[in-house]
Amino acid sequence: MKCFNVVQQVLDTTYAEIPGNEGTRDAAIREALKKMSNQYRTGLLTSGGPDFSDPVTRFAYVYLYVPAHAHWLYELITWSSDVQGLFQRPRLRMTCLGGGPGSDLVGALKYIDERNASPTLFCEIVDGCVQWKQTWSDLAFTLDWSSPLHTDYVIHDAADPSTWSAPCNIAKADLFTINFFASEIYHCGDNATDYIAHAFAKAKSGALVLMNDNNDSRFYDWFDAIAAAANMETLLSDQGQRKIYDGGEQSSAVGKYAEKFGMSSRLTGQLAWRVLQKR
Ligand SMILES: C[S@@+](CC[C@H](N)C(=O)[O-])C[C@H]1O[C@@H](n2cnc3c(N)ncnc32)[C@H](O)[C@@H]1O
């Protein structure tokens, strides 16, 4: 299973759902792509990320970021024997904090597919944006998936503590993914700190955490301090350049959109990554 192929199918479906004709859609998407890449380059830690309630913005995010983010989550699984051990179990409960766009789930499914693992996967996506549910449902439908997969979608807004009691299975998760989510909520200040601390406090002993994010010490020093205070042991911690080292991942799968919009999907990045375990 290749992330670019999954994303191409999702884009084809969601493109048709954007209101307007081809000309107005393409103009709106082109504008959203420019705005989004600029926002992630310059204002993320101070002002936060894009408003994903707009279908054009969600389309732009899936095109620009989901293939690489899904692949890097897959890759991080392959770098940890502890996490790979979880995928050898008959059943695996995974909670994706900020997993709305489906990248984390696609990364885990790529691992299951490519490494011939066959756990029954129970995946809970927790995100503040209800509209991702629609895009994500398309992802799940698109995958002609043969092994058992159970999914759930829970709304928690990290900026609003009154939403954090919405019923979820965080306390039962064997594996958490925090993929490009912590930097997205960093601008929420104390609420962001408390939200991650709240999730880590609920995590059971032995639960593993996969974190990929931007290589920016303002953000990852903050994240590491929350993890240390929450009794998380660091199993892996590094930062540097990441690429998609997988010859089978062909960005040409989304080539028609690259031609239309004059902007390519992300293929490289300066990242920080962690594998943690709750003591
Ligand atoms: C950069 S995306 C990361 C998505 C995915 N994990 C990935 O790797 O591509 C950030 C996610 O955080 C969610 N988000 C943003 N602000 C949030 C908040 N205050 N509370 C909960 N989720 C939020 C967005 O809806 C989006 O799904």
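Small disclaimer: the values here were computed from a predicted structure and weren't measured.

Draft legend 1. Region of interest: the environment of Leu 11. Assignment of secondary structure puts Leu 11 in helix 1 (residues 3–17). Sequence separation between Leu 11 and Pro 148 is 137 residues, and the spatial gap between their C-alpha atoms is 25 Å. Ignoring any residue separated from it by four or fewer positions in sequence, one finds Leu 11 in contact with Phe 59, Val 62, Tyr 63, Val 254 and Tyr 257.

Draft legend 2. Local environment of the sheet that holds strand 1 (residues 91–97). If you trace the 7 strands from one edge of the open sheet to the other, you get 3-2-1-4-5-7-6, paired in mixed fashion. Looking at strand neighbours, the two that pair on one side only are strand 3 (149–155) and strand 6 (232–243), the edges of this open sheet. Neighbour-to-neighbour, the strand axes of this sheet turn through a mean angle of 15°, independent of strand direction. Bridge count for strand 1 against strand 4 (residues 175–179) is 3 bridges, and the pairing is parallel. Of the residues in strand 4, the one forming a bridge with Thr 95 is Phe 176. In the packing of helix 6 (residues 103–114) onto the sheet, contacts are made with strand 1, strand 2 (120–127) and strand 4, and the angle to strand 2 comes to roughly 165°.

Draft legend 3. Summary view of the site of the ligand. Neighbouring residues of the ligand: 25 residues in total, closest Gly 100, Ser 103, Gly 128, Cys 129 and Asn 179. Counting only elements with at least two residues in the shell around the ligand, the list comes to helix 4 (55–78), helix 6 and helix 8 (182–185). Ranked by the residues each element gives to the shell around the ligand, the list is headed by helix 4, at 3 residues. For the shell around the ligand, the residue count by class is 12 nonpolar, 9 polar and 4 charged.

Draft legend 4. Expanded view of the packing of helix 2 (residues 22–42) against helix 4. For the pair helix 2 and helix 4, interaxial distance at closest approach is 9 Å and the crossing angle is 65°. Both helix 2 and helix 4 take part in a crossing whose hand is right-handed. Of helix 4, the residues touching helix 2 (which contributes Ala 28, Ile 29, Ala 32, Leu 33, Met 36 and Ser 37) are Val 56, Thr 57, Phe 59, Ala 60, Tyr 61 and Leu 64. For the contact of helix 2 with helix 4, the per-class residue count stands at 10 nonpolar, 2 polar and no charged.

Draft legend 5. Molecular detail of the pairing of strand 1. Along strand 1, 5 of the 7 residues are buried, which leaves the element largely enclosed by surrounding structure. Sheet topology note: the strand 1/strand 2 ladder contains 7 bridges and is parallel. Residue pairing for strand 2: Arg 93 is matched across the bridge by Phe 122. Read as a crossover between parallel neighbours, the route from strand 1 over helix 6 to strand 2 is right-handed.

Criteria and cut-off values
- Residues numbered from 1 in each chain as written.
- Predicted model: local features only at pLDDT ≥ 70, side-chain atom pairs only at ≥ 80, totals over all residues.
- Helix = DSSP H or I, 4+ residues; strand = E, 2+ residues; numbered from the N terminus.
- Contact = placed C-beta atoms within 7 Å.
- Pairing = 2+ DSSP bridges.
- Axes fitted to C-alpha atoms, helices over the stretch in contact; angles between N-to-C directions.
- Near = placed C-beta within 6 Å.
- Nonpolar A, V, L, I, M, F, W, Y, C, P; charged D, E, K, R; others polar.
- Left-handed = near helix turned anticlockwise from the far one by under 90°.
- Buried ≥ 20, exposed ≤ 12 C-beta atoms within 10 Å, placed from the backbone.
- Right-handed = clockwise from strand over helix to strand, strands pointing away.

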